[in-house]
Amino acid sequence: MTRRSKAGSTKPRRRKAPAARRRRRAETIRGVTSSASKEELRFALIRRTLSEARRHHRRAEEALRESEYKLRQIIESAVPGMLWVTGPDGEVTRVNQRTLDFTGARSVEDLLNLGWKKFLHPEDFPKTANSFFQAIQTGESYEDLQRVRRVDGEYRWHHVRAEPLRDREGRIIEWYGLSVDIDEGKKIEERLRRSEAYLAEAQRLTHTATAAYDATKILYFSDEAFRLFGFDPLQGLPSREAVWQRIHPDDVDTMNEKIERALRERRSFQNEFRLKLPDGTVKHVDADILPVFSATGKLVEIIATAVDVTERKRAEDTLRRGEAWLAQAQRLSHSGTWVLDGTTRHFLYWSDESYRIWGFDPLQGLPSRDDMWERIHPDDRERLWGEVQEALREQRDFFEEFRILLPDGTVKYLEANTHHEFSPLGVLLEVVCTNVDVTERKRAQDERERLRQLEADLAHINRVSTMGELAASLSHEILHPIATARNNARAGMRFLELNPPNLNEVREALGCVVRDADRAKDIVGRIRNQIKRAPPRIELFGLNEAVSEVIVMVRSAIAKNGISVSTRLMDGLAPVQGDRVQLQQVLVNLILNAVEAMSSVEDGTRELLIRTEQSQTGGILVAVHDSGLGVDPVNLERVFEPFYTTKTSGIGMGLSICQTIIHTHGGRLWMRANEPRGAVFQFILPAAQEDL
C-alpha cells in the first residue's frame, strides 16, 4: 500500500505488525524483564536489535534493488537516447539496450569488436575522433553533432554529450555519455534553412524586404531590408529613428498620418513612399503594413513588407515618356493606330491621333467597327472591303489608300498598313492597323503636279521662243537640203533627156534627192519635236548624238556671229536615261547664251567648245565653254534664279528652266569662269543602269 504526500507524490507506507504479535512481544519483554537476570535481559535486547537490523537491511536491499530496477528501466526505456559509459581511457564498458538496438550490436564486446568507425559517417569520423580523444586528454566535457549509422544502414544525426565522473581526489573514474537522435529536427532545421534561403533569394530577386517593429524598436530586419534601406547587417539592427530618417523628407508626414490612421482603425494598409539614402540615392518603395494587436487591443508589433519599385518606376516613367513621344510623333506625322480583337471584332485600343483623324470623340469611348466603316468614303468602301476580305482569306497583311468622309463633309486621304495575327489553326486573333493622314501630302502632290505642268508649259514656251529666235538659221538649214534636192532632180532630168538616157546617173541623182529629202525631214522633225506640246518621254539615248543634232540646229546662228565651234566628245560614253527633247533644250539654251555672250566681243577670237566625258563618279558630264566677257563673280550665285538676267531683252527664265530640267533628271547644273576669259556652263547626269 502507498500513501499520497501533500505534493501529490507517492512513497511506500511502512506496514504495522499485527496487534496479537505486538502484544506477545510486549508480554515476552515484560516476562523477561520481570523474571530474567540482567545478562539475559541484555542478551534479549541485543538479539532484538540484531533482528531489527536484519529486517532493516533486507528492506534496504529490496529498496536498492527496486531503485536499480527503476534506474535500469529509465536508462533502457525512458531516456530518449543511447547511453554509454567508458573508462578513463575512453574505451566503452557499458551501453544501454537502445544503443545495441540502434547499432545492431549484440553486446558491448560485439560493439567493441566492430569499432565506432563502422557506425560513424566517414565524413564525421575524423573530426569526432579528434574531438573525443582531446576531451579524454584534457578532461573537459565533450559535445558534438555527428551522423550515426542505424542497423538498417541509414545515417541519422545525433547530438552527443559526455561528462566525466571524478573521485574525491578529482581523478576521472568513468565517462558518461548520451547520444540523442535529432535527425528529424535536423531535417526540419535544414528545410527551414532552405526555406529561409529561398525566401531570402526570392526577396532579393523581387526586391522585397521584410521588417517588424513595435512602438520603440526594430524587432526584425531581413537581408533585403538592410540592402533596401542601406544599413550594414554587421552593425546589427538599426534603430527605429535611424530607419525613419531614411524616409524622404517630403513623404515622412504622409507616412506617419497613414500609420496613425491605420492604428486607430486597426487595419492594414498600403503605402508608396520614397527613401533618400545618405549618398543621395532616391528609391521608390511600395509597402504593405500590418499592425498586430493583442486580445486586449494593445499594439504588439507592426509587420511590414517593402518592395523596391525604383526600376519599375523608372520603367513606367520611360514608358510614359515613350507613349508621350509616340503620341507626339503620331501627331506630327499624322499617324494613328488601332487594335481590333479578331474573335469579338471589338476594338481594344485607339490612339489619340486615330480619334483625331477619324473624327471620333475619345470621351465617348472606343468606336464600333460599324462606326468606322460608315466613315469610309462611299466610292471607296466596296473596293476596300474586298481588299480586306482577300487579305483575310490569304492570311496576309495589306496596304491600301482610301478616303474617309467625316460628318461635316471633310474628305481625308488615308494610307492604311494592316497586320493580321493568326493562330496556328488559322483563326484570326488580332488586327493591328496604322492609319496615316496623307491629305496634306495628297494636296501637295496635286500642287506639285500642277507646278510640274506649269514648268512643262514654261519649258515649252521657252522652246517655242528659242525656235522662233532660230527661225532664220533653221530656215537656212531646211532650205539647204531642199535646194540640193532640187539641183539633183534637175540633173536627173537632164540625164533622162540624153539619147540614149544615162540611167545610172539618173539613179544616182534620184538617190541624192531622197537623202536630201530625208535630211530636210529630220530637221523639220527635230524642230517639230522642240515646238510641239507633249508629255515627257523617258528613253535611253547617247548624249554625243544629241549634242551633234543640237549643233546642226544652231549652226547658222553660230556662223552668223563669226564663232568657231569645236567639239571634244568622248567615245564610248554610257547612255543616259531621260527626255531627249528636254535635255536638247538645255543644250540649245546654253549654246545660244554662249553665242550671245561672245557676239559683243570686239577683240580676240570667238571660240565655242562643247565637250563630253565620263565623270569620276560614273556620271556623264557635258560642258559648254565660251570666250565671252564672262559673269561678274558677284552674280555667280544668282544666274540660275528665276527672272534674273543681264540681257536687255531677256526675262531671266532660261537658265532657271534648264536647272529644273537637269534636277528632274537627277543631275546638277553649275557654272564657273573660263580661262583666260568667258564662262563654262556644265551639267552632269547619272549614267543609265545596266539592267535598263
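Participant: It is not clear to me how the overall build of the protein chain should be interpreted in this structure. Could you clarify?
Facilitator: A tally of helices and strands in the protein chain yields 19 helices and 24 strands. Across the 692 residues in the protein chain, those meeting the buried criterion constitute 35%. Here the analysis covers contacts within the protein chain between residues at least 6 apart in sequence; of these, 52% occur between residues at least 24 apart.

Participant: Where do I start with the pairing of strand S24 (residues 679-685) in this structure?
Facilitator: As a general feature of sheets, a regular strand has side chains that alternate between the two faces. Burial analysis of S24 places seven of its seven residues in the buried class, the great majority of the element. Neither face of S24 is exposed, since Ala679, Phe681, Phe683 and Leu685 on one face and Val680, Gln682 and Ile684 on the opposite face are all buried. Sheet topology places strand S22 (residues 620-626) next to S24; six bridges connect them, and they run antiparallel. Bridging across to S24, Val622 finds its partner in Phe683. Here six bridges tie strand S23 (residues 668-673) to S24, and the two strands are oriented antiparallel to one another. Bridging from a neighbouring strand, Trp670 pairs with Gln682 of S24. A loop of five residues connects S23 with S24, the two strands running antiparallel in sequence, and Gly678 in this loop sits at a positive phi of about 100 degrees.

Participant: For this particular structure, what's the right way to read the sheet that holds strand S12 (residues 299-308)?
Facilitator: Strand-to-strand pairing in sheets goes through backbone hydrogen bonds, with the strands running parallel or antiparallel. The five strands are arranged S9-S8-S12-S11-S10 in an open sheet whose pairing can be described as antiparallel. At either end of the open sheet lies a strand with only one pairing partner, and these are strand S9 (218-221) and strand S10 (269-276). Across the sheet, the mean angle from the axis of one strand to that of its neighbour is 25 degrees, orientation sign disregarded. Two elements, strand S11 (residues 282-293) and S12, share nine bridges in a ladder whose sense is antiparallel. Note on S12: the bridge partner recorded for Phe293 is Leu299. Strand contacts of helix H10 (residues 310-333): S10, S11 and S12, with the helix running at about 130 degrees to S11, the strand carrying the most contacts.

Participant: Hey, could you run me through the side chain of Asp341 in this one?
Facilitator: Within the element layout of this structure, Asp341 appears in strand S13 (residues 335-341). Of the polar contacts made by the side chain of Asp341, one reaches the backbone nitrogen of Thr344; its length is 3.2 Å. The contacts of Asp341, once residues within four sequence positions are left out, are His346, Leu348 and Leu429.

Participant: I tried to follow the nonpolar core on my own but got confused; where do I start?
Facilitator: Buried together is how nonpolar side chains tend to be arranged in soluble globular proteins. Residues Ile591, Leu608 and Phe683 are the most contacted members of the largest nonpolar core, which totals 41 residues. Going through the elements one at a time, helix H17 (543-560), helix H18 (580-599), strand S21 (607-614), S22, helix H19 (654-664), S23 and S24 are the ones with two or more residues in this core. By residue number, the principal contributor to this core is H18, which donates 10 residues. Setting aside residues up to four positions removed in sequence, Leu608 forms contacts with Ile558, Ile563, Ser564, Val565, Ser566, Ile591, Ala594, Met598, Val624 and His625.

Participant: Whenever I open this one, the environment of Arg537 confuses me. Can you help?
Facilitator: Checked against the element boundaries, Arg537 lands in the loop between helix H16 (503-531) and strand S18 (538-541). Spatially, the C-alpha atoms of Arg537 and Gln582 are 9.3 Å apart, while their sequence positions differ by 45 residues. Leave out the neighbours within four places in its chain, and Arg537 touches Gly578, Asp579 and Arg580.

Participant: Would you explain H10 in this entry?
Facilitator: Residue pairs spaced three or four apart in an α-helix point in one direction, given the helix's 3.6 residues per turn. Helix length check: H10, at 24 residues, gives a terminal C-alpha distance of 33 Å against a target of 34 Å (1.5 Å per residue), a fit within 8%. On the buried face of H10, the contacting elements are S10, S11, S12, S13 and helix H11 (352-358). A positive backbone phi angle near 55 degrees is found at His334, which sits one or two residues after H10.

Participant: Just to check I follow, could you spell out the sheet that holds strand S5 (residues 142-149) for this structure?
Facilitator: Here we have five strands laid out as an open sheet, ordered S4-S3-S7-S6-S5, and antiparallel in their pairing. Two strands lie at the open edges of the sheet, namely strand S4 (92-95) and S5, each paired on one side alone. Each strand axis lies, on average, 25 degrees off the axis of its neighbour in the sheet, ignoring direction. The sheet contact formed by strand S3 (residues 82-86) and S4 spans three bridges and is antiparallel.

Participant: In this structure, what is going on with the pattern of salt bridges? I would like to understand it.
Facilitator: Working definition: two side chains of opposite charge can pair if their charged atoms are close together. Applying the stated rule across the entire model yields 44 salt bridges. Two residues, Asp437 and Arg356, come together in a salt bridge whose shortest N-O distance is 3.8 Å. A residue pair is termed long-range when its members are at least 10 positions apart, and Asp437 in strand S17 (residues 428-437) and Arg356 in helix H11 qualify at 81 residues. Close ionic contact of Glu440 with Arg443 constitutes a salt bridge, the shortest N to O distance being 3.1 Å. One end of the pair is Glu440 and the other is Arg443, both in helix H14 (residues 439-469) and three residues apart, which spans about a single turn. Taking the relative accessible area as the measure of exposure, Arg443 reaches 47% and is therefore partly exposed.

Participant: Please clarify how the packing of H17 against H18 should be interpreted in this entry.
Facilitator: For any two helices packed against each other, the geometry comes down to the angle between their axes and how far apart the axes lie. With their axes 10 Å apart at the nearest point, H17 and H18 run at an angle of 40 degrees to one another. The angle between the axes of H17 and H18 places the two elements in the oblique class. Remark: the crossing between H17 and H18 carries right-handed chirality. Residues Glu545, Ala546, Val547, Glu549, Val550, Met553, Val554, Ala557 and Ile558 of H17 touch H18, and the partners they reach there are Arg580, Gln584, Leu587, Val588, Ile591, Leu592 and Val595. In the contact of H17 with H18, the residues fall into 12 nonpolar, one polar and three charged.

Participant: Where do I start with the confidence of the model for the protein chain in this structure?
Facilitator: Segments scoring low in pLDDT should not have their predicted coordinates read at a detailed level. Averaged over every residue, the pLDDT of the protein chain is 81; the share at 70 or more is 82%. Across residues 1-12, where pLDDT falls below 50, the model places 11 contacts with residues more than four positions away in sequence or in other chains.

Participant: Before we go on, may I ask you to explain empty space enclosed by the protein in this structure?
Facilitator: One simple way to see leftover space: roll a probe sized like a water molecule over the atoms. Taken as a whole, this structure holds two cavities of 30 Å³ or more when the rule is applied. Of the pockets and cavities examined, the largest cavity occupies roughly 240 Å³. Trp338, Met372, Trp373, Val388 and Phe398 are the residues nearest the centre of the largest cavity, which is lined by 21 residues in total. The element best represented in the lining of the largest cavity is S17, accounting for four residues. Looking at side-chain class alone, the lining of the largest cavity contains 16 nonpolar, three polar and two charged residues. Its volume calculated, the second largest cavity comes out at about 200 Å³. In terms of lining residues, the second largest cavity is bounded by 18 residues, among which Ala211, Tyr213, Phe229, Val243 and Ala304 are the most central. Looking at the lining of the second largest cavity, the elements that each hand over two or more residues are strand S8 (208-213), S9, helix H7 (223-229), helix H8 (240-245), S11 and S12. Residues belonging to the lining of the second largest cavity are distributed by class as follows: 16 nonpolar, two polar and no charged.

Participant: Sorry, what's going on with the packing of aromatic side chains here?
Facilitator: Pairs of aromatic rings are described using the distance from one ring centre to the other and the angle between the two planes. Here the structure, examined in full by the defined rule, presents 15 aromatic pairs. Ring geometry for Trp84 and Phe132: centres 6.0 Å apart, planes at 75 degrees, overall edge-to-face. Of the two residues, Trp84 is situated in strand S3 and Phe132 in helix H5 (residues 125-138); the sequence distance between them amounts to 48 residues. Each member of the pair, Trp84 as well as Phe132, carries the same accessibility label: buried. The structure contains a cluster of three or more aromatic residues connected by ring pairs, namely Trp338, Phe347, Trp350, Tyr355, Trp358, Phe360 and Phe402.

Analysis parameters
Residues numbered from 1 in each chain as written. Predicted model: local features only at pLDDT ≥ 70, side-chain atom pairs only at ≥ 80, totals over all residues. Heavy atoms only, no water. Helix = DSSP H or I, 4+ residues; strand = E, 2+ residues; numbered from the N terminus. Buried < 20%, exposed > 50% of the residue type's maximum accessible area, 1.4 Å probe, protein only. Contact = heavy atoms within 4.5 Å. Pairing = 2+ DSSP bridges. Axes fitted to C-alpha atoms, helices over the stretch in contact; angles between N-to-C directions. Polar contact = N/O pair within 3.5 Å; in protein donor to acceptor, adjacent residues only side chain to side chain. Core = buried A, V, L, I, M, F, W, Y, C linked by side-chain atoms within 4.5 Å. Expected span 1.5 Å × (residues − 1). Salt bridge = Lys/Arg side-chain N within 4 Å of Asp/Glu carboxyl O. Parallel < 35°, antiparallel > 145°, perpendicular 65-115°, else oblique. Left-handed = near helix turned anticlockwise from the far one by under 90°. Nonpolar A, V, L, I, M, F, W, Y, C, P; charged D, E, K, R; others polar. pLDDT = per-residue confidence, 0-100. 1 Å grid on protein atoms, 1.4 Å probe; cavity = no way out; pocket = protein on both sides within 12 Å on 5 of 7 lines; lining within 4 Å. Points joined across faces, edges and corners; volume = space filled by probe spheres on them. Phe/Tyr/Trp six-rings, centres within 6.5 Å; stacked < 30°, edge-to-face > 60°.

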